[in-house]
Amino acid sequence: MNTIPDEKLQWFGGNQDALNMYLMFVDLSHLWDDLVDGDKEVTEKAINNAFLICLVYLPLNPFYRAIQDQIMPMWITVVSAYQTANKFEKDKDAHGIEIAHTLRYAAGNIIAYAMHVCVGPKKAEELLPEMWKTVVIERYEDYKKEHLDA
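Along each chain, residues carry numbers from 1 onward, in the same order as the chain's sequence is written. Residues qualify for local features only when their pLDDT is at least 70, as the model is predicted, and side-chain atom pairs are given and counted only at 80 or more; totals for whole chains, interfaces and linings, by contrast, use all residues. With hydrogens and water excluded, all non-hydrogen atoms of the structure serve as input to the side-chain values.

Novice: I keep staring at the overall build of the protein and nothing clicks. Help me out?
Specialist: Along the backbone of the protein there are seven helices and zero strands. Taken from N to C terminus, the helices and strands of the protein fall in the order α-α-α-α-α-α-α. What you see for the protein is a C-alpha radius of gyration of 16 Å, in line with the 15 Å of a compact globule of 150 residues. Seen through its C-alpha atoms, the protein measures out along the principal axes to roughly 40 × 35 × 30 Å. Residue contacts follow a heavy-atom distance rule, with two residues in contact if any of their heavy atoms lie within 4.5 Å. If you take every contact in the protein between residues at least 6 apart in sequence, the share linking residues at least 24 apart comes to 65%. Using the Shrake-Rupley algorithm and a 1.4 Å probe, accessible areas are obtained, with residue cover drawn only from the displayed protein chains. When the accessible surface of the protein is split by element, carbon and sulfur atoms take 57% of a total near 9200 Å². All tallies of charge rest on Lys and Arg as positive and Asp and Glu as negative; His and the ends of each chain are not included. Here the site of a charge means NZ on Lys, CZ on Arg, CG on Asp, or CD on Glu. Here the protein contributes 14 positive and 23 negative side-chain charges, whose respective centroids are spaced 2 Å apart. Labels follow the DSSP assignment, with helices taken as runs of H or I lasting at least four residues and strands as runs of E lasting at least two, numbered in each case from the N terminus. For this measure, only C-alpha atoms enter the radius of gyration; the expected value for a globule follows 2.2 Å times N^0.38, where N is the number of residues.

Novice: Sorry, what's going on with the side chain of D33 here?
Specialist: Inspection of the secondary structure assignment puts D33 in helix α2 (residues 16-37). Leaving out residues up to four positions away in the same chain, D33 has contacts with G38, Y82 and R104.

Novice: Sorry if this is basic, but what is going on with the pattern of salt bridges here?
Specialist: A side chain of one charge can pair with a side chain of the opposite charge when the charged atoms of the two come close. Every case where a carboxyl oxygen of Asp or Glu lies within 4 Å of a side-chain nitrogen of Lys or Arg is listed as a salt bridge. Using the criterion set out here, one finds four salt bridges in the structure. We note a salt bridge from D33 to R104, for which the minimum N-O separation is 2.4 Å. With D33 in helix α2 and R104 in the loop between α5 (94-103) and α6 (108-135), the pair connects residues that are 71 residues apart, well separated along the chain. Accessibility here uses a 1.4 Å probe with only protein chains present; expressed as a share of the type maximum, an area under 20% marks a residue as buried, one over 50% as exposed, and anything in between as partly exposed. Assessed through its relative accessible area of 18%, R104 is described here as buried. Note that R104 and E89 form a salt bridge whose closest N and O atoms lie 3.0 Å from each other. With a gap of 15 residues between them, R104 in the loop between α5 and α6 and E89 in helix α4 (residues 62-91) connect regions that are remote in the sequence. For the pair shown, R104 and E89 are each scored as buried.

Here it is in structure tokens:
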């Protein structure tokens, strides 16, 4: 179930910069997936926008700058998880596919951390289940059909 932006703004305690960071992550993750999978055409405009996000918009985002040092190690594990998920997908290994479905959403941990920073642990605990349902948009059965049953 996708939430509307106003509800997502509540995930970050009304912090518009944090929401903007989240929305940039969403754009980047979709483009990254499309580039790696090669299943959708990626436009020059989308590629240019991704570079702007990485090189200009995120570095200028005050919230991202405030948590950048804390999340840098998390980015290393996010990239590693995504690379591993892609290997499992290519190998068509049933157990690997189960694991890959979870690994593909590792960046959600950065969003969870951002929510903790913005609203505190108690409120984050209340909001995180809906965030995870939003971030992990593809159900496992659909993912399995795409990667094992195709």
